[in-house]
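Listed below are the residues making up each chain.
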Amino acid sequence: MAAITAAMVKELREKTDAPMMECKKALTEADGDLARAEEILRVKLGSKASKAAERVTAEGLIGVFIADDFKTGAVVEVNCETDFVAKNDDFINFVNQMAELVTKQNPADVEALSALPYGEGTVESTRSALVGKIGENMSIRRFHRIETANQLASYVHGGRIGVLVDFDGEQEVGKDLAMHIAATKPKALDAQGVPAEEIEKERSVAEQKASESGKPADIVTKMVEGSIAKFLKEVTLLSQPFVKNDKQSVEQMLKEKKASIASFALYVVGEGIEKKVSDFASEVAAAVSGN
């Protein structure tokens, strides 16, 4: 039997938002396997155990820039330590200029972007100077650039969610698509774009839930397939109910508008980054010890 540590309980709780004692029980049942423990919690607690997927855990801003011809654009994430700095004018200007620089210079990666000439030196020297001026660390985390024969539209919500859409149609449709994506956060355009490992993870959870129903095998199979179909409908853009008219899907809206979408980029500040919580250690330790 693997030893269940406070760090393991903390990590599972941050991933799932499940109560600490439930995390400890799941880890014990899974013999310390974090991925298996997460599945166990999702079976027991349902959607409550997947809340962390929507949480934002780091500060910073998303910048988006589109060229005048609407054919080239980029979305960039730059992180900082506190929300206070994310509101700093110098920081905001740096983020927006990075999006423009990516659009115009097409660097291969963050390292190449950092080496580009900028200001009185390079992007990296400017970043370092800004760190010294503001007194807080910051880093360019990632970017996505699109160059298309169609056209681009974008939407940024509060500086924390940024969307870039490659589409064919009226600009209003592109803007609506970008706002819809920011609101619903789809994983892909359609089912073919959803990673196989994510579908298999959902299938595993669905099978465990269905098997506990006590129903015949053929009914269990139908329940599992129904769960997967529901999951794919919820996470794929074209199948989602359109936010401005939930009586039609996004695909139906596009057909009505004689428009189409080729791809999109969605960035959420801090997505996938864990922020340390300084006052959490004693609470976790007490849970692990059983007190």
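A brief structural summary. (Residues numbered from 1 in each chain as written. Predicted model: local features only at pLDDT ≥ 70, side-chain atom pairs only at ≥ 80, totals over all residues. Heavy atoms only, no water.)

**Looking at the pairing of strand 2 (residues 72–80)**
The condition is simple: A 1.4 Å probe rolled over the protein chains alone gives each residue an accessible area, and that area as a share of the maximum for its type sets the label: buried under 20%, exposed over 50%, partly exposed in between. Numbering of helices and strands runs from the N terminus, with a helix taken as a DSSP run of H or I at least four residues long and a strand as a DSSP run of E at least two residues long. Being paired, for any two strands, means DSSP has found at least two bridges between them.
The buried fraction of strand 2 is high, at nine of nine residues. Both faces of strand 2 are covered, namely the face carrying T72, A74, V76, V78 and C80 and the face carrying G73, V75, E77 and N79. The pairing of strand 1 (residues 59–66) with strand 2 spans eight bridges and is classified as antiparallel. Counted as the bridge partner of I66 is G73 from strand 2. Hairpin geometry of strand 1 and strand 2 is characterised by an intervening segment of five residues between the two adjacent antiparallel strands and by a positive phi of about 60° at F70. Note: strand 2 against strand 5 (residues 138–147), nine bridges, orientation antiparallel. Across the sheet, C80 pairs through a bridge with M138, a residue of strand 5.

**Remarks on the side chain of E38**
Quick note on the threshold: Whether two residues are in contact is decided by their heavy atoms, any of which lying within 4.5 Å being enough.
Here E38 is to be found in helix 3 (residues 34–45). For E38, the residues in contact, after removing those within four places along its chain, are L12, K15, T16 and K201.

**Structural notes on the sheet that holds strand 6 (residues 151–157)**
Strand-to-strand pairing in sheets goes through backbone hydrogen bonds, with the strands running parallel or antiparallel. Using the following cut-off: A fitted line through C-alpha atoms represents every axis, and for helices the fit uses only the stretch in contact; the resulting angles, taken between N-to-C directions, go from 0 to 180 degrees.
Read across the sheet, three strands follow the order 6-7-10 without closing on themselves; strand pairing throughout is antiparallel. Every other strand in the sheet has two partners, leaving strand 6 and strand 10 (260–268) as the edge strands with one partner each. Strand-to-strand twist across the sheet, computed as the mean angle between neighbouring axes with direction ignored, equals 15°. Direction of pairing for strand 7 (residues 161–168) relative to strand 10: antiparallel, over a ladder of eight bridges. Among the inter-strand pairings, G162 is bridged to a residue of strand 10, identified as Y267.

**Re the nonpolar core**
As a rule of thumb, nonpolar side chains are buried together in soluble globular proteins. Worth spelling out the cut-off: By convention a nonpolar core is built from buried Ala, Val, Leu, Ile, Met, Phe, Trp, Tyr and Cys residues, the set being connected through side-chain atoms within 4.5 Å.
Of all hydrophobic cores here, the largest spans 23 residues; its most connected members are V165, L177, I181, V250, L254, I261 and F264. Listing elements by their share of this core, those giving two or more residues are strand 6, strand 7, helix 8 (171–184), helix 11 (250–256) and strand 10. A total of five residues in this core trace back to one element, the largest contributor, which is helix 8. In this structure, L61, F91, V95 and A99 belong to the second largest nonpolar core, which totals 22 residues.

**Considering the pattern of salt bridges**
Put simply, the test is: Each salt bridge in this description consists of a side-chain nitrogen of Lys or Arg and a carboxyl oxygen of Asp or Glu lying within 4 Å of one another.
Within this structure, the stated rule accounts for 17 salt bridges. One salt bridge in this structure joins K87 and D83, with 3.2 Å as the shortest N-O distance. Put simply, E77, R141, R142 and E271 are held in one network by salt bridges that share partners.

**Examining unusual backbone geometry**
Unlike most non-glycine residues, D31 shows phi in positive territory, near 55°. Residue D31 is classed as partly exposed on the basis of its relative accessible area, which comes to 41%. Here F70, not a glycine, exhibits a phi torsion of approximately 60°, which is positive. Tracing the backbone shows F70 in the loop between strand 1 and strand 2.

**A short note on the packing of helix 5 (residues 89–105) against helix 7 (residues 123–134)**
Put simply, the test is: Here the word oblique covers every angle except those under 35 degrees (roughly parallel), over 145 (roughly antiparallel) and from 65 to 115 (roughly perpendicular). In this scheme, a crossing is called left-handed if the near helix is turned counterclockwise away from the far one by less than a right angle; it is called right-handed if the turn is clockwise. Just so you know the grouping, Ala, Val, Leu, Ile, Met, Phe, Trp, Tyr, Cys and Pro go in nonpolar, Asp, Glu, Lys and Arg go in charged, and all remaining residues, Gly too, go in polar.
Between helix 5 and helix 7, the shortest axis-to-axis distance is 11 Å and the interhelical angle comes to 170°. In terms of their interaxial angle, helix 5 and helix 7 are classed as roughly antiparallel. Like other packed secondary-structure pairs, helix 5 and helix 7 cross with a definite hand, here left-handed. For the pair formed by helix 5 and helix 7, the contact residues are D90, F91, F94, M98 and L101 on the first element and V123, T126, R127, L130, K133 and I134 on the second. Among the residues forming the contact of helix 5 with helix 7, the class breakdown is seven nonpolar, one polar and three charged.

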